[in-house]
Amino acid sequence: MRVSFTKMHGLGNDFVILDNRNGGLPELTNAVAAALANRTTGIGCDQLILLENDESGDSDFRMRIFNADGSEVEACGNASRAVALLHGESARVATDGGLIALEPAEGGARVDMGTPRFEWQDIPLAYAMDTLSMPVAWGPLENPAAVNVGNPHVIFFTDDTDVVELDVLGPEIEHDPLFPDRINVNVATIEDRTNIRLRVWERGVGLTRACGTGACATAIAAMRRGLVERNVTVALPGGPLQIEWTKDNRILMTGPATLSFVGTFEWSDFA
Ligand SMILES: N[C@H](CCC[C@H](N)C(=O)O)C(=O)O
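Definitions and cut-offs
- Residues numbered from 1 in each chain as written.
- Predicted model: local features only at pLDDT ≥ 70, side-chain atom pairs only at ≥ 80, totals over all residues.
- Heavy atoms only, no water.
- UniProt positions renumbered as here; feature names shortened; annotations may be inferred.
- Helix = DSSP H or I, 4+ residues; strand = E, 2+ residues; numbered from the N terminus.
- Rg over C-alpha atoms; globule rule 2.2 N^0.38 Å.
- Buried < 20%, exposed > 50% of the residue type's maximum accessible area, 1.4 Å probe, protein only.
- Areas by Shrake-Rupley, 256 points an atom, 1.4 Å probe, with all protein chains shown as cover.
- Near = heavy atom within 4 Å.
- Polar contact = N/O pair within 3.5 Å; in protein donor to acceptor, adjacent residues only side chain to side chain.
- 1 Å grid on protein atoms, 1.4 Å probe; cavity = no way out; pocket = protein on both sides within 12 Å on 5 of 7 lines; lining within 4 Å.
- Sits in = over half its atoms within 2 Å of the grid points.
- Nonpolar A, V, L, I, M, F, W, Y, C, P; charged D, E, K, R; others polar.
- Salt bridge = Lys/Arg side-chain N within 4 Å of Asp/Glu carboxyl O.
- Points joined across faces, edges and corners; volume = space filled by probe spheres on them.
- Domains from an automatic or database assignment.
- Contact = heavy atoms within 4.5 Å.
- Buried area = accessible area lost by both parts, 1.4 Å probe.

- An unreviewed UniProt entry lists the protein under the name Diaminopimelate epimerase, with Altererythrobacter epoxidivorans as the source organism.
- Quoted verbatim from the Subcellular location (unreviewed entry) heading of the UniProt record, the comment on the protein is "Cytoplasm".
- Entered under Sequence similarities (unreviewed entry) in the UniProt record, the comment concerning the protein runs "Belongs to the diaminopimelate epimerase family."

Structure, rendered in structure tokens:
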């Protein structure tokens, strides 16, 4: 079966998007997702995004998210903006991490990513801990915070994120038994009260040019520690995102999304 896809990115975090809202596609297994995401033998992307009808009627459609390793996860901020641009109008979208609201904007989108969660069981962690100041360390990275913004994040604050060996420490922390569902690893530098610099080792992918949920989780953790205002710019290697934690406890993320190209592939080549 010949299948169409749309290649998009948000600040260099890239996606292959399959639109199955009219049905007809074969089942997308974890293995097929990983094969399509493979940059050597597949189409190549950080995440594979599958759009489906939401039979429950609670949303306009469902967005499913598969990391490059094939794992299906709950949220993807950059892909949410890409889907908003692709869809072309406001929409309520169901994800495994909860309901999000997309609003296309000039050259990108604003997404209401929902409400953050802070209880150790909601991250989740393997045992009870203060998630605002965790008494743990991996090499030079210590005393992180943890936030769930649909998906799980651990956030370290350091004087210079650019010198941290995240390619070495990232996988060690991602797979630590403290994190039963694994974890996205964020290393941030507070520049001033409205600017954060961030690099991310993504669960199921590795180092990416940008991580939207990482920017959300990091901004919220910095706000909880009183380090920044409730509306900040988060500068990732691929570019900036604007993150606001509203007074009614919603996380608003605003930033660019880019359509790269549209293509087709033969499903049986990957299944
Ligand atoms: N790696 C993440 C999913 C994608 C998040 C990122 N690409 C974003 O823009 O939020 C996880 O396993 O939870």
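Next comes the rest of the write-up.
### Describing the overall build of the protein
Argument step 1. When helices and strands are tallied, the protein shows four helices and 19 strands.
Argument step 2. By the compact-globule yardstick of 18 Å for 271 residues, the protein fits well, its C-alpha radius of gyration being 18 Å.
Argument step 3. With respect to the three principal axes, the spread of C-alpha positions in the protein is 50 × 35 × 30 Å.
Argument step 4. For the protein, with 271 residues in total, the buried portion stands at 53%.
Argument step 5. Within the structure as shown, the protein displays about 11,000 Å² of accessible surface, and the carbon and sulfur contribution to it stands at 47%.

### A look at the site of the ligand
Argument step 1. Neighbouring residues of the ligand: 15 residues in total, closest Gly-77, Glu-202, Arg-203, Gly-212 and Thr-213.
Argument step 2. Here an oxygen atom of the ligand and a backbone polar atom of Gly-77 are 2.8 Å apart.
Argument step 3. Within the contact set of the ligand, an oxygen atom lies 2.6 Å away from a side-chain nitrogen or oxygen of Thr-213.
Argument step 4. Notes on the ligand: free accessible area 360 Å², of which the protein chains cover 100%.
Argument step 5. Judged by its atoms lying within 2 Å of the grid points, the ligand is housed in the largest cavity.
Argument step 6. When the residues that make up the shell around the ligand are grouped by side-chain class, the tally is four nonpolar, nine polar and two charged.

### As for the pattern of salt bridges
Argument step 1. Counted by the stated rule, this structure contains 17 salt bridges.
Argument step 2. Two residues, Glu-72 and Arg-64, come together in a salt bridge whose shortest N-O distance is 2.7 Å.
Argument step 3. Classification of Glu-72 as partly exposed rests on a relative accessible area of 30%.
Argument step 4. Note that Arg-110 is salt-bridged to Glu-103, the shortest N-O span being 3.7 Å.
Argument step 5. The class of Arg-110 is partly exposed, set by a relative accessible area of 36%.
Argument step 6. Look at Glu-103 and you get partly exposed, because its relative accessible area is 38%.
Argument step 7. Three or more residues joined by partner-sharing salt bridges are found here, namely Lys-7, Asp-14, Arg-39 and Asp-46.

### Some words on empty space enclosed by the protein
Argument step 1. Inspection of every chain in the model, using the stated rule, returns one cavity of 30 Å³ or more.
Argument step 2. Empty space within the largest cavity amounts to approximately 100 Å³.
Argument step 3. Taken together, 15 residues line the largest cavity, and the ones lying closest to its centre are Gln-47, Asn-67, Ala-75, Asn-151 and Glu-202.
Argument step 4. Only strand S4 (61-67) and helix H4 (212-224) provide two or more residues apiece to the lining of the largest cavity.
Argument step 5. The residue makeup of the lining of the largest cavity, split by class, is five nonpolar, eight polar and two charged.
Argument step 6. Two domains each put at least three residues into the lining of the largest cavity: domain 1 (2-112 + 257-269) and domain 2 (120-249).

### Some points on the UniProt feature "binding site: substrate" (unreviewed entry) in the protein
Argument step 1. Per the UniProt record, "binding site: substrate" (unreviewed entry) is annotated on Asn-13, Gln-47, Asn-67, Gly-77, Asn-78, Asn-151, Asn-184, Glu-202, Arg-203, Gly-212 and Thr-213. Restricting the annotated residues to those that line the largest cavity leaves Asn-13, Gln-47, Asn-67, Gly-77, Asn-151, Asn-184, Glu-202, Arg-203, Gly-212 and Thr-213.
Argument step 2. On the basis of relative accessibility, which here comes to 1%, the residue Gly-77 falls in the buried class.
Argument step 3. Apart from residues lying up to four places away in sequence, Gly-77 is in contact with Met-113, Gly-212, Thr-213 and Met-253.
Argument step 4. On the accessibility criterion, Gly-212 (2% relative accessible area) is buried.

### Remarks on the domain arrangement of the protein
Frequently, the measure chosen for interface size is the accessible area that the parts lose on association.
Argument step 1. Entries for the protein in the domain assignment read domain 1 (2-112 + 257-269) and domain 2 (120-249).
Argument step 2. For domain 1 versus domain 2, the separation of C-alpha centres amounts to 23 Å.
Argument step 3. Taken together, the contacts link 18 residues of domain 1 with 20 residues of domain 2.
Argument step 4. Carbon and sulfur atoms make up 50% of the area that domain 1 and domain 2 hide from each other, which totals about 1,200 Å².
Argument step 5. Contact with domain 2 buries area across many residues of domain 1, yet Leu-11, Glu-74 and Ala-75 alone supply 39% of it, more than any other trio.
Argument step 6. Where domain 1 packs against domain 2, one counts two salt bridges.
Argument step 7. Of the charged contacts in the structure, one is a salt bridge between Arg-203 and Glu-74, with a shortest N-O distance of 2.8 Å.
Argument step 8. Linking domain 1 with domain 2 are nine residue pairs in polar contact (both at pLDDT 80 or more), by the criterion used here.
Argument step 9. Looking at the side of domain 1 that touches domain 2, the element that brings in the most residues is helix H2 (residues 77-87), giving three residues.
Argument step 10. Among the residues making up the side of domain 1 that touches domain 2, the classes are represented as five nonpolar, nine polar and four charged.

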